[in-house]
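# Chain and residue survey
As a plain string of letters, each chain reads:
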Amino acid sequence: MATGALAATPAPARADDTITTQDYFSYYKLDTTRAKGYTGTGVTIAMIDGPVDTSAPELAGANITTKTLCKYEATNATKTHATAIASVLVSKNYGLAPDATLIAYAMPAEGEEISNECRQDNKGLKRTSFAQFETAMNDGAQIISYSSSDPNHEQVPLKWAIARAIAQGVIIVGPMGNDARDENHLSLAWWSGTVGVSAVDSTGQFASYSSWGQGVVAAGVGGPIKVRDYDTGTITDTQGTSISTPIVAGQIALARSRWPEATPNQILQLVTHSGLNPNHEWNQYTGYGPLNMGGMMKTDPTQFPDENPLADKGGGSTPTPAEVQQYIDGIAPFGEIEYDDSYIYRGVNEDALVREGLTAHIGTSPAYHRK
């Protein structure tokens, strides 16, 4: 797992010190946002990362549920990273959306020791990002914050998980990477409908380490932030697009809470209309720009069309609008769909009737009756 952290510089501290604030808190004027009552109430965020230490003092009082789809031995590094990401999202001290509900899914990183359960489940998928996405949607997540890189474009079922997210209005947010190059092909941003995030520094300038590409939608402050380092027992500094990802996901959560009558498509329209680039013009480095937090809270997104502005990102992004419609119509290939407890196959292949765990209503797809 690429944690998105370029560097961790030890700063003398006791392990039981509490991190009380972060520099981005003042950058986004989150004290003003909280004073107005915008705290993410009623929104469910899923984060996919390593294991979160819910006993960390920064997370005291936060509404967090942790889940692990299969047992594995996590390193201190992934515990450090995941706890930091959770804190950016929902810490009562400095989280973007402190009153949101967070479901934290722990996924094995490359090199971590996995159990036979991870190897022997249905097609070995429990350890993949695909299974985490599907489970998060089964659990009612409205926003998914994924702070890893390379969600394996070879995972065929991942296309149908993304199609499901688009169809059901689940907003997926992910990082561009930290190699200061075009890494669209390695990032979650390659997929249609997703919010690819690059990093800016605390002055709003494009971060020197941030990667970029066709799928960038927004930029967020990537640090430095202070994190609890479980290897050294100290508080350290870190930065990266995996930090800017929950920054953006948290702002989207605030927008969903602030504007409950807006559709998810209209919230995405708000994102593309709230970037600080001149005239909200798109570029491959910051997308539509760093988000204007105040503007998002003041601009009613119901004025925008109920259309997904990220349905086709160009560059061959998938799923295509036609594939999303196949999913909606129940005629997506049922053999490529796993862990999705909402999908009903409505095509004409009667083999679906004996597929374990699949609900099938043969021949009932609206596609067959659409003029």
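## Notes on the side chain of asparagine 308
Inspection of the secondary structure assignment puts asparagine 308 in the loop between helix H9 (293–298) and helix H10 (321–329). Separated by 2.7 Å, the side chain of asparagine 308 and the backbone nitrogen of leucine 310 make a polar contact. Residues within four places of asparagine 308 in sequence aside, it is in contact with Ile166, Asn265 and Leu268.

## Structural notes on helix H3 (residues 76–90)
Between its first and last C-alpha, H3 extends 21 Å over 15 residues, near the 21 Å set by a 1.5 Å rise per residue. The element H3 is largely enclosed, with a buried count of 12 among its 15 residues. Those residues of H3 not exposed but buried are Thr78, Thr80, His81, Ala82, Thr83, Ala84, Ile85, Ala86, Ser87, Val88, Leu89 and Val90.

## Things to note about the packing of aromatic side chains
All told, the structure shown has 9 aromatic pairs when counted by the stated rule. Both rings, one in tyrosine 27 and one in tyrosine 28, keep their centres 4.8 Å apart while their planes meet at 80°; by these two values the pair is edge-to-face. The class for tyrosine 28 is buried, based on a relative accessible area of 4%. One aromatic cluster is present, formed by Phe206, Trp212 and Tyr285 through successive ring pairs. A cation sits over an aromatic face here: arginine 258 above tryptophan 259, 3.9 Å from the ring centre.

## A look at the side chain of asparagine 178
Here asparagine 178 lies in the loop between strand S8 (171–175) and strand S9 (195–200). Classification of asparagine 178 as buried rests on a relative accessible area of 16%.

## With respect to the pairing of strand S11 (residues 225–229)
Of all 5 residues in S11, 4 are buried, a share of seventy percent or more. Here S11 pairs with strand S12 (residues 234–238) via 5 bridges, running antiparallel. Residue pairing across strands places aspartate 229 opposite threonine 234, the latter belonging to S12. Connecting S11 to the antiparallel partner S12 that follows it, the hairpin turn spans 4 residues, and glycine 233 within it adopts a positive phi of roughly 70°.

## Section: the environment of threonine 364
Here threonine 364 lies in the segment after strand S14 (359–360). We classify threonine 364 as partly exposed; its relative accessible area is 36%. In the structure, threonine 364 is positioned 35 residues away from aspartate 329 in sequence and 9.0 Å away in space, judged by C-alpha atoms. In this structure the side chain of threonine 364 is engaged in a polar contact, spanning 3.1 Å, whose partner is the side chain of arginine 346. Looking at threonine 364, its side chain comes within polar contact range of the main-chain oxygen of histidine 361, at 2.8 Å.

## Concerning the sheet that holds strand S7 (residues 143–146)
With parallel pairing, the 7 strands of this open sheet are ordered in space as S3-S5-S2-S7-S8-S9-S10. Either end of the sheet is taken by a strand with one partner, and the two such strands are strand S3 (63–68) and strand S10 (216–221). Within the sheet, the average angular offset between the axes of one strand and its neighbour, ignoring direction, is 25°. As defined by bridge partners, strand S2 (residues 44–49) adjoins strand S5 (residues 101–106) across 6 bridges and the pair is classed as parallel. The partner of methionine 47 across the bridge, within S5, is alanine 104. Of the strands in this sheet, S2, S5, S7 and S8 are in contact with helix H5 (residues 129–138), which crosses S7 at around 155°. Relative to S8, helix H8 (residues 264–273) is tilted by about 35°, and along the sheet it contacts S8, S9 and S10.

## A look at unusual backbone geometry
The linkage connecting glycine 223 with the following residue, proline 224, adopts the cis geometry, with an omega of 5°. Locating proline 224 in the fold gives a position in the loop between S10 and S11. In this structure, proline 319 follows threonine 318 across a cis peptide bond, with omega equal to 0°. Assignment of secondary structure puts proline 319 in the loop between H9 and H10. Of note, the phi angle at lysine 29 is positive, near 55°, even though the residue is not glycine. Within the secondary structure layout, lysine 29 lies in the loop between helix H1 (23–27) and helix H2 (30–35). Here histidine 280, not a glycine, exhibits a phi torsion of approximately 55°, which is positive. The topology assignment puts histidine 280 in the loop between H8 and H9.

## Focus: the pattern of salt bridges
Any two side chains of opposite charge can pair, given that their charged atoms come close. The final tally for this structure, using the stated rule, is 12 salt bridges. Between arginine 164 and glutamate 134 there is a salt bridge, with the nearest N and O atoms lying 2.6 Å from each other. Pair noted here: arginine 164 is in helix H6 (residues 156–168) and glutamate 134 is in helix H5, with a separation of 30 residues, a long-range link. Glutamate 134 sits in the buried class, given a relative accessible area of 1%. Residue glutamate 323 pairs with lysine 159 through a salt bridge whose shortest N-O separation is 3.0 Å. Here glutamate 323 is found in helix H10, whereas its partner lysine 159 is found in helix H6, with 164 residues between them in sequence. This pair shows no difference in class: glutamate 323 is buried, exactly as lysine 159 is.

The rules behind each value
- All chains use their own residue numbering, which begins from 1 and follows the written sequence.
- Given that this is a predicted model, residues contribute local features only at a pLDDT of at least 70 and side-chain atom pairs are listed and counted only at 80 or more, while totals for whole chains, interfaces and linings are drawn from all residues.
- No hydrogens and no water enter the side-chain calculation; it runs on all heavy atoms of the structure.
- Each helix is a run of H or I in the DSSP string that is no shorter than four residues. Each strand is a run of E no shorter than two, and both are numbered from the N terminus.
- For the purposes of these results, a polar contact is taken to be a pair of N or O atoms within 3.5 Å, where, inside protein, one atom must be able to donate a hydrogen and its partner to accept one; residues adjacent in sequence count only when each atom of the pair is a side-chain atom.
- Contacts are assigned to residue pairs that have any heavy atoms within 4.5 Å of one another.
- For a helix, the expected span equals 1.5 Å multiplied by the residue count minus one.
- Each residue is placed in one exposure class: buried if its accessible area under a 1.4 Å probe, protein chains only, is under 20% of its type's maximum, exposed if it is over 50%, and partly exposed if it falls in between.
- In summary, the pairing rule links any two rings of Phe, Tyr or Trp, Trp by its six-membered ring, whose centres are within 6.5 Å, and it sorts them by plane angle into stacked for under 30 degrees, edge-to-face for over 60 and tilted for everything else.
- In this scheme, Lys NZ or Arg CZ marks a charge over a ring once it lies within 6 Å of the ring centre and within 35 degrees of the ring normal.
- Whether two strands pair depends on DSSP finding at least two bridges between them.
- An axis is simply a line fitted to the C-alpha atoms; with a helix, the fit covers only the stretch in contact. Between two such axes, the angle follows the N-to-C directions and lies from 0 to 180 degrees.
- Definition used for salt bridges: Asp or Glu carboxyl oxygen within 4 Å of a side-chain nitrogen of Lys or Arg.

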